[in-house]
Amino acid sequence: MIGKQIAHFQIEARLGAGGMGEVYQARDTRLGRSVAVKMLPEAFARDPERIARFEREAKLLASLNHANIAALYGLEHVDGQHLLIMELVPGDTLAEQIQRGPIPAEGALKIAHQIAEALEAAHEKGIIHRDLKPANVKITPEGKVKVLDFGLAKALEEASPQASSMNTHSPTLSVMATQAGMILGTAGYMSPEQARGHATDQRSDIFSFACVLYEMLTGRQTFQGETVTDVIASIVARDPDWRAIPANLHPKTEELIRRCLAKNRKDRWHAIADVRVELETIMADPHGLKVHAAREAPRQPLWRRAVPYAITAVLVAGIAVAATVAVMNSRPSPPAAVTRFPFVLPEGQQFTQGARRLITISPDGANIVYEANRQLYLRSMRDMDARPIQGTSQAANPFFSPDGRWVGYNSRSENKVKKIAIAGGAAVTICDLVEINRGGYGPVWNSDDYIYWGETKGILRVSANGGKPENLITLKEGETAHRPQLLPGGDALLFTLSAGGSAGGSENWDKAQIVVQSLKTGERKVVISGGSDGRYVPTGHIVYALGTTVLAVPFDVRKLQTGGPVPIIEGVRRAGPGGGGGADAQFAFANNGSMAYIPGGQTTNELALTLVDRSGVRKPLNIPSGPYSQPRISPTGKQLTVYTDDGKDRIVWIYDLSDTTPIHKLTFEGHNESPLWTRDSQRVVFNSDREGDWGLFWQRVDGGSAERLAKAEQGLRPQPESWSPDGKVLILTNGTGTSQGISMLSLGADQKPKLVLKAPANNASLSPDGRWLAYHSNESGRNEVYVQPFPPTGEKHQITTTGGNNPLWSPDGKELFFLSPGTARQIMAVEIQSQRGFAFGKTTLLPISGISAPGARPYDITPDGKYFVVMVPKSQAAPDKAPAEQINVTLNWFEDLKQRVPVK
């Protein structure tokens, strides 16, 4: 970047980086001046929320015109980059000055006075900073203070729902950035309400201001700890070390700091203007900034003055040692405070429906990773909010490495186990999952640097550095293992064992057993009957799930003996049914005692079917919500077919759109998926395992039994995708994994699908005239949409360059729709000209987003092209009534666990 020219700005040096951007020194060649250029990182350049916050900062800064606030010169959009052009402030940051030692009281109060004036100007505009810290304050060589980085600023809100119209209708804000529950700011300078995720106001800035003043006077951070969680706990529960305040400081200064640092904001100064006035009073005190000692007596010779002090010192030291020993022998140190707070997911984020494991926490408690909208997000305790982990779209089942530097996960799109460094970089493949149940149950990265997971076959493991999985423990027919954890010593595994197979929700797994099996002898012992997702805790407990309750029992790891169970967390979300997901309880803990969980009941994958027009206006269908997949509208436009997966059965249904009454349940036996109407609307074709193997069937909607059309090749699950105009050729996707590809089945011929496009081609859609085949493929490293002639000739057109999937032709063939990548899943429309050759034009973003995507293409279009049918989470069908989803965090949870479930 150094030396590069962006528009008329010549980049000269990198000044720093933070959660909301990178800052460079640049030369404005047009006006001949040096400026600071802040640009949104490339990883966030396509994130609408990041861009909105970036532009919000510009609007906030533009409204502030004060000598102690760095000025904004402009906002630029250049070649897809978003730039803030700001005043280049010379000099050191306050943090750099404090690193050289405490600042004398006179200088510290002068700096504090200017900071207070800057905050006062912002508060008068209805803006609070929320991230005031020494690194965001610069001191020019002339001693002028400049407050920087309003990237977290927001308009003032009242804590009550009835906020004033001036505050709640601020055009510069998004709901996500202002809602209670989000922890924004920097650890060490947060107010207690910020640390708990509660709403903030100007008193939060006052708390941070006092932290900065304390640090200037003492040279040390106000609230300290070995980890970020320790710091937050200190902010919420403990006072600073008041002994560090200079002894000869004016007493009113300490009083001012104490009042600003009150835990309850009602006890703080209510306005920074009052703090400024108090500072002016202290600075104008005729006795000066310090309290001077009384007049001293005539000085004696040094040796005579030293003797009594030496004697006193010896006596005091002896008394202190004795007292210390007595106290240590009689009373243990008080346990660390248990602190709880919520983290509310940003607007538009929903935990992935039907997923297995949704949340994990790093061993040191510094980072939480969760899965929302089929994307992994990293929530660092140091950062302002969660950020997407680039390259983890379609990721599932996250788990941390023992050192906390890597996150392992299962790639849905590639059926592989992968890992990615939380510091950034490309994902690394560990192994394929094609032949081992596409993900396994409860993967754990154990201390021996192997990744273990359960299967219906047994327990497998693979080196974290990659390789071929080995079968470590073999199970009996019908048994399934989940979450194998290596116990201390490395000689035995703790895991959940279900004898009822992998299907079903938490009810089935509640009948499972938690067992320990020796890796040396193979001996197995049941330690808990009735429950699942058992985990050994370093405190000497096993915690496990029963329904939506997490229980704990004392556990002697040498004798393999347990005590009686005690409920410790109520209302924990369980994973969705199907594929063994019900085994997972959505909670995680770290070795430092931090714990996080998702509140709620069992995820049931409840989705609402909705019609939505091109302008985004929704018309919910009068159909009960359910675990739907692949909605398809009949060519007549009068009926809708879907299939449901409740974890036990997969059933194809037919609905009449005229009165929304189910005509009938089309299928009654086996697992049935991927329904598709025939061109005459008389039959539905689907895949099923009703005859013991997966095959292609069709069935009349007005009655009759299902007829097999074709058998599936070994290990494949053919999915009907699209028909030729004459209804004689069926386009199929060939299952999943490395065997993916697109085939065609000619009816009345040899009844055997013929491969037309090899893997990784997927999710095909044939144009209405039958001449062009659209599909998506990750051959470039991510899913992009392509079009080829049909039958394929080798000619290929790449429609997207920034990602896309699940294409669908418009009924007139003049547009091609597809879903945008990542978390938004917004419908895009691209103009198509295919009468004379093939050409495509402008792409339009339709205001239709947040589509749930279980199974193949999760949307369809009505024959008249006016409406799409989509699936959205039940909560989003009535978003005004749905509470935001959240993660509950507990610091020092081990202390609570030990008190509630004592271990002998």
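Structure shown above.
Everything numeric here is computed off the predicted structure, so don't read it as measured data. (Residues numbered from 1 in each chain as written. Predicted model: local features only at pLDDT ≥ 70, side-chain atom pairs only at ≥ 80, totals over all residues. Heavy atoms only, no water.)

Caption draft 1: Here's a closer look at the overall build of the chain. Summing up its helical and strand segments, the chain has 14 helices and 60 strands in all. A total of 904 residues make up the chain; the buried ones form 55% of that total. Within the chain, residue pairs in contact and separated by at least 24 positions form 50% of the contacts whose partners lie at least 6 positions apart. For the chain, the exposed surface amounts to about 38,800 Å²; the carbon and sulfur share of it is 50%. (Helix = DSSP H or I, 4+ residues; strand = E, 2+ residues; numbered from the N terminus. Buried < 20%, exposed > 50% of the residue type's maximum accessible area, 1.4 Å probe, protein only. Contact = heavy atoms within 4.5 Å. Areas by Shrake-Rupley, 256 points an atom, 1.4 Å probe, with all protein chains shown as cover.)

Caption draft 2: How the structure looks around the sheet that holds strand β42 (residues 672–677). Taken in spatial order, the 4 strands of this open sheet run β42-β43-β44-β45, and their pairing is antiparallel. The sheet is open, and its two edges are formed by β42 and β45 (707–711), each paired on a single side. Neighbouring strand axes in the sheet, compared pairwise and without regard to direction, differ in orientation by 25° on average. As defined by bridge partners, strand β44 (residues 695–700) adjoins β45 across 4 bridges and the pair is classed as antiparallel. Within the sheet, the bridge partner assigned to tryptophan 698 lies in β45 and is glutamate 707. (Pairing = 2+ DSSP bridges. Axes fitted to C-alpha atoms, helices over the stretch in contact; angles between N-to-C directions.)

Caption draft 3: Structural context of the pattern of salt bridges. As enumerated under the stated definition, the model contains 33 salt bridges in all. One salt bridge in this structure joins aspartate 533 and arginine 535, with 2.8 Å as the shortest N-O distance. Each member of the pair, aspartate 533 together with arginine 535, is buried. Among the ionic pairs, aspartate 860 bridges to arginine 857, the shortest N-O distance being 3.3 Å. Among the residues examined, aspartate 860 registers a relative accessible area of 8% and is labelled buried. Overlapping salt bridges, with partners in common, bring together Glu120, Arg276 and Glu280 in one network. (Salt bridge = Lys/Arg side-chain N within 4 Å of Asp/Glu carboxyl O.)

Caption draft 4: Representation of the pairing of strand β24 (residues 470–474). Sheet topology note: the strand β23 (residues 458–463)/β24 ladder contains 4 bridges and is antiparallel. Directly across from glycine 458, in β24, lies its bridge partner threonine 474. Between the end of β23 and the start of β24, which pair antiparallel, lie 6 residues, with glycine 466 showing a positive phi angle near 105°.

Caption draft 5: Region of the structure containing the sheet that holds strand β47 (residues 729–734). Read across the sheet, 4 strands follow the order β46-β47-β48-β49 without closing on themselves; strand pairing throughout is antiparallel. The sheet terminates laterally at β46 (718–723) and β49 (754–758), the two strands that pair on one side only. The average angle at which neighbouring strand axes cross in this sheet is 30°, direction not considered. Where β47 and strand β48 (residues 741–746) come together, 5 bridges link them in antiparallel fashion. For threonine 733, the partnering residue across the bridge sits in β48 and is isoleucine 742.

Caption draft 6: Fine view of the nonpolar core. In this structure, Ile115, Phe209, Met216, Ile257 and Ile887 are the most contacted members of the largest nonpolar core, which totals 75 residues. Those residues in contact with methionine 216 that lie beyond four places of it in its chain are Leu94, Ile98, Pro102, Ile103, Ala108, Ile111 and Ala112. If you look at the next biggest cluster of nonpolar residues, it comprises 17 residues, including Val537, Ile569, Phe587 and Phe589. (Core = buried A, V, L, I, M, F, W, Y, C linked by side-chain atoms within 4.5 Å.)

Caption draft 7: Focus on the packing of aromatic side chains. In this structure the tally under the stated criterion is 16 aromatic pairs. Look at phenylalanine 817 and phenylalanine 868: their rings are 4.9 Å apart centre to centre, the planes differ by 85°, and that puts the pair in the edge-to-face class. With a gap of 51 residues between them, phenylalanine 817 in strand β55 (residues 815–819) and phenylalanine 868 in strand β59 (residues 867–873) connect regions that are remote in the sequence. Each member of the pair, phenylalanine 817 as well as phenylalanine 868, carries the same accessibility label: buried. Relative to phenylalanine 894, the ring of tryptophan 893 lies with its centre 6.0 Å away and its plane at 50°, an arrangement referred to as tilted. The same class applies to tryptophan 893 and to phenylalanine 894, which are both buried. In this structure an aromatic cluster arises from ring pairing among Phe343, Phe351, Tyr370 and Tyr377. We note arginine 258 situated over the ring of tryptophan 242; from NZ or CZ to the ring centre the distance is 4.1 Å. Across the ring face of phenylalanine 697, the terminal group of arginine 690 is positioned such that the distance to the ring centre comes to 5.7 Å. (Phe/Tyr/Trp six-rings, centres within 6.5 Å; stacked < 30°, edge-to-face > 60°. Lys NZ or Arg CZ within 6 Å of the ring centre and 35° of its normal.)

Caption draft 8: Structural detail: the side chain of threonine 496. When you line up the elements, threonine 496 lands in strand β26 (residues 492–498). Assessed through its relative accessible area of 0%, threonine 496 is described here as buried. A polar side-chain atom of threonine 496 sits 3.4 Å from the main-chain amide nitrogen of glycine 534. When residues no more than four places from it in sequence are discounted, the contact partners of threonine 496 are Thr480, Ala481, His482, Trp509, Ala512, Gln513, Ile514, Gly531, Ser532, Asp533 and Gly534. (Polar contact = N/O pair within 3.5 Å; in protein donor to acceptor, adjacent residues only side chain to side chain.)

Caption draft 9: The environment of valine 277, seen in detail. Inspection of the secondary structure puts valine 277 in helix α10 (residues 272–283). For the pair valine 277 and histidine 113, spaced 164 residues apart in the sequence, the C-alpha separation amounts to 8.9 Å.

Caption draft 10: Focus on unusual backbone geometry. Note that the residue after phenylalanine 790, namely proline 791, is joined by a cis bond; omega there is -5°. Residue placement: proline 791 occurs in the loop between β52 (784–789) and β53 (797–798). Residues other than glycine seldom take positive phi values, yet alanine 7 does so here, at roughly 55°. By the secondary structure assignment, alanine 7 is in the loop between β1 (5–6) and β2 (9–18). Accessibility expressed as a relative area gives 42% for alanine 7, which makes it partly exposed.

Caption draft 11: Spotlight on the environment of alanine 122. Positionally, alanine 122 belongs in helix α3 (residues 105–124). Residues alanine 122 and serine 63, spaced 59 residues apart in sequence, show a C-alpha to C-alpha distance of 8.8 Å.

Caption draft 12: Just the pairing of strand β14 (residues 367–372), in detail. Burial within β14 is extensive, with 6 of its 6 residues counted as buried. Here β14 shows two buried faces, one formed by Asn367, Val369 and Glu371 and the other by Ile368, Tyr370 and Ala372. Here 3 bridges tie strand β13 (residues 359–361) to β14, and the two strands are oriented antiparallel to one another. Among the inter-strand pairings, isoleucine 359 is bridged to a residue of β14, identified as tyrosine 370.

Caption draft 13: Molecular detail of the packing of helix α9 (residues 251–260) against α10. The geometry of α9 relative to α10 is characterised by a closest axis approach of 10 Å and an angle of 165° between their N-to-C directions. Here α9 is positioned roughly antiparallel relative to α10, judged by the angle of their axes. Seen along the crossing, α9 lies across α10 with a hand that is left-handed. Residue-level contacts link Lys252, Thr253, Leu256 and Cys260 of α9 to Val275, Glu278, Leu279, Thr281 and Ile282 of α10. For the contact of α9 with α10, the class distribution of residues is 5 nonpolar, 2 polar and 2 charged. (Parallel < 35°, antiparallel > 145°, perpendicular 65-115°, else oblique. Left-handed = near helix turned anticlockwise from the far one by under 90°. Nonpolar A, V, L, I, M, F, W, Y, C, P; charged D, E, K, R; others polar.)

Caption draft 14: Seen up close, the side chain of serine 777. Of note, serine 777 is situated in strand β51 (residues 772–777). On the accessibility criterion, serine 777 (1% relative accessible area) is buried. A polar contact of 3.0 Å, which involves the side chain of serine 777, links it to the side chain of glutamate 779.

All we've got here are geometric facts, nothing functional implied.
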